[in-house]
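So you can see what is in the structure, the chains are spelled out below.
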Amino acid sequence: MTEEERFVLTHGMLSLPLAGKLPADAIVGAGYVAGIPRLGIPPLRETDATLGVAYLGGLRGKEGATPLPAGLALASSWNPQLARQAGETIGLEAKQKGFNVLLAGGVNLVREPRNGRSFEYLSEDPLLSGILGGASIAGIQSNKIISTVKHFALNDQETARNYVDVRVSEANARESDLLAFQIAIERGDPGSVMCAYNLVNGAYTCDSDWLLNKVLKRDWGYKGFVMSDWGSVPGVSTAMNGLDQQSGSQLDKAVYLDKPLKDAASADPGVAARVRDMNRRILRSMFAHGLEDTPPAPKPIDAKAGLAVAEAVAKEGIVLLRNERDVLPLSAIAKKIAVIGGYADTGVLSGGGSSQVQMTGGPAATVPVGGEVPEALAFLLPGETYHRSNPLKAIRARAKGADVTFTSGRYVSEAVDAAKAADVAIVFATEWRTENKDVPDLNLPNGQDALVAAVAKANPNTVVVLQTGGPVLMPWLSDTAAVLEAWYPGGSGGEAIASVLFGETNPSGKLPVTFPRSIADLPRTVIEGKDLPSSGMFPAPPPAGVTYRADYDVEGSDVGYRWYAREGKRPLFPFGFGLSYSRFETSALTTDGKVARFTVTNTGARAGATVGQVYLVSAGGERRRRLVAFKKVFLQPGEHRVLDAAIDPRLLSEWESGRWSIKGGEYSFALGSDAETLGPPVTVKLRPRRWSDRPAPSK
Ligand code: GLC
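Residues numbered from 1 in each chain as written. Predicted model: local features only at pLDDT ≥ 70, side-chain atom pairs only at ≥ 80, totals over all residues. Heavy atoms only, no water.

### Focus on the state of the cysteines
So, step 1. Going through the model one piece at a time under the given rule, you end up with one disulfide.
So, step 2. The side chain of C195 participates in a disulfide bridge whose partner is C206; the two sulfur atoms lie 2.2 Å from each other. Residues C195 and C206 are joined by a disulfide whose S-S torsion is about 110°; by sign, that bridge is right-handed. Residue C195 is located in strand β7 (residues 192–195), and its partner C206 is located in the loop between β9 (203–204) and α6 (209–219); the two are separated by 11 residues in the primary sequence. Both residues of the pair, C195 and C206, count as buried. (Disulfide = S-S within 2.5 Å. Helix = DSSP H or I, 4+ residues; strand = E, 2+ residues; numbered from the N terminus. Buried < 20%, exposed > 50% of the residue type's maximum accessible area, 1.4 Å probe, protein only.)

What follows is the structure, given as structure tokens:
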């Protein structure tokens, strides 16, 4: 590479026409990094994101892509093979559309249940998020494109995301959010890690020597490259602190990793050496993932095949939370079914922001949500959009001979009349979430709690179908007969919901996040930075001298179910919870601390699946609650299976002075049907052990 060429790959641009004329070999997408034709180095064409190829408001034309269900739905499946298959699907579509980088792999923990991007992420647990995130990344990259893993790290809230300074001890970070990334990187080998907007312990993550040079590159031995998020680069110092590529550079105050870096390199050989390392890392990933093997040859996607995968994820991701008197699956008795609310006659809900995918032709409906966005970016935040998969139609197709009515739910009185006149009332409730904005509370918006409560009072066979972007409160719960959490169910979500309602699919989803009883039970009742004067995609800075410090050491590494167990708080629905139309038993747990062996039996009358969950409940005499292993299994009625699940030793450890440390002594484990419902403990003696993550120095 010539001196000049060394400053080509180190920065990219937002590849949208609004940012001026695009280079000839760029395509409309999230990002473009010029290649070096002289050396046969292709450009990087980058698109969002974790749930499929983003639609960008139709800027790339009306051909859409497969909208996968929310990450929470995928995580509710607890199925790494399915995560890989979903990744293969969206990676292929990105390739077919001419992209060679998919900005996917969102594995931030759902530490803050009000996070506007919870729907894009997976869970509150580092093992579940790491394993599923890694599988998805591996699937994406099987198409010879690069996937990212993001947003590194502790970008666990949208409120004041460009300014919030997360305060967290190294041990707490290593044992929670960082462990999710570490496992995802080990299993998925992402070509790139995307650093985030926020600060951690006073340093912007894209300028954090600790996070990028020490944790990621030194301790974890990461060989790929770090790209920034779009508009998250504070200066040229980021290069020496571990950033390799500035993305969407028009959104920063300068293209720091171009001329300013060139000037720094010509003045300091150490910087010049670092520039060579930046190029080496980027090129290594491009060649390791075969980008130059098969240059993109755009072709139409196979929408049918994609939607079949989306449907499989939605079906395995639906969580049956309540089913009194086995009112589900709907049986022939239901001669009159009242379907109410949630735009169930139109489509299924999806989440907003950079991850927004649309099917060909765009959304079935868009409900404006207001808010101030720069005119030029309005297409990015159109509002609540509904995919064309129609729950009412799918219900009617299965309710043979029944009279199925639909009521919009706009008037409670009208919904109550419809519910009174029916054998079963199915009320759909929606909670839209988006990037850039956390939800202010966990109540259903638009007065839906009152609607659900009134319908449930009017009909004892009320079934609630939730399409939410995270956990919600349920003040009406005790009056309902059944509750399904369908999350954002993706491009075939209507079919998946109806398939579970009528029993074609036996629900097997298990919650990947805790549903609290109250906001008061959270580690932080108020989200730090809530009073930031402006909002939107790139809010104006806080008033001079105002900083926002989010103290994540309150819960520390005890995120989610670990917090409720430590504090003795009972959640509404615990992590790992989910009912089935069948019945399962898990038994006979044995373990040596390295592998957990247990038996799962289907004691019910129909085939189904469940997840054996193994929790650490005490370590060296101290109480713990940590998922240490899990295995999903599909069983015929009466069938049982003995399963082995490896225990990751890091989950038995504490991070102490730069190493993982197992204190030694008695360690007790228990099988759980969820994080709160645990079987008898099995105790083993473990020897003390300390080890470092750092790879042995390469010979
Ligand atoms: C966004 C998101 C990131 C996305 C990037 C490109 O602001 O934080 O997830 O990949 O910018 O759109």
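### With respect to the sheet that holds strand β29 (residues 682–686)
So, step 1. Taken in spatial order, the four strands line up as β24-β23-β28-β29 in an open sheet, and their pairing is antiparallel. The open sheet has two edge strands with one neighbour each: β24 (622–635) and β29. If you compare each strand with its neighbour and ignore which way they point, the axes differ by 25° on average.
So, step 2. Note: strand β23 (residues 608–619) against strand β28 (residues 665–672), six bridges, orientation antiparallel. Bridged to L616 within β28 is F669. (Pairing = 2+ DSSP bridges. Axes fitted to C-alpha atoms, helices over the stretch in contact; angles between N-to-C directions.)

### Some details on the pattern of salt bridges
So, step 1. Evaluation of the coordinates by the stated rule reveals 49 salt bridges.
So, step 2. Notably, a salt bridge pairs R117 with E435, separated by 3.4 Å at the nearest N-O pair. Taken together, the residues span a long stretch of sequence, with R117 in the loop between β4 (101–102) and α3 (126–141) and E435 in the loop between β17 (424–431) and α12 (448–458) at a distance of 318 residues.
So, step 3. The buried category is assigned to E435, whose relative accessible area is 7%.
So, step 4. What you see here is one network of salt bridges that share partners, running through E170, R174, R218, D219, D693 and R694. (Salt bridge = Lys/Arg side-chain N within 4 Å of Asp/Glu carboxyl O.)

### Observations regarding helix α8 (residues 269–288)
So, step 1. If you check α8, its first and last C-alpha atoms are 28 Å apart, about what 20 residues at 1.5 Å a residue would give, namely 28 Å.
So, step 2. Taken as a whole, α8 has its buried residues at V271, A272, R274, V275, M278, N279, R281, I282, L283, S285 and M286.
So, step 3. Buried residues belonging to α8 abut β3 (44–47), β5 (146–152), α6, β10 (225–227) and α7 (259–267).
So, step 4. One or two steps after α8, the chain reaches G290, where phi turns positive at roughly 70°. (Expected span 1.5 Å × (residues − 1). Contact = heavy atoms within 4.5 Å.)

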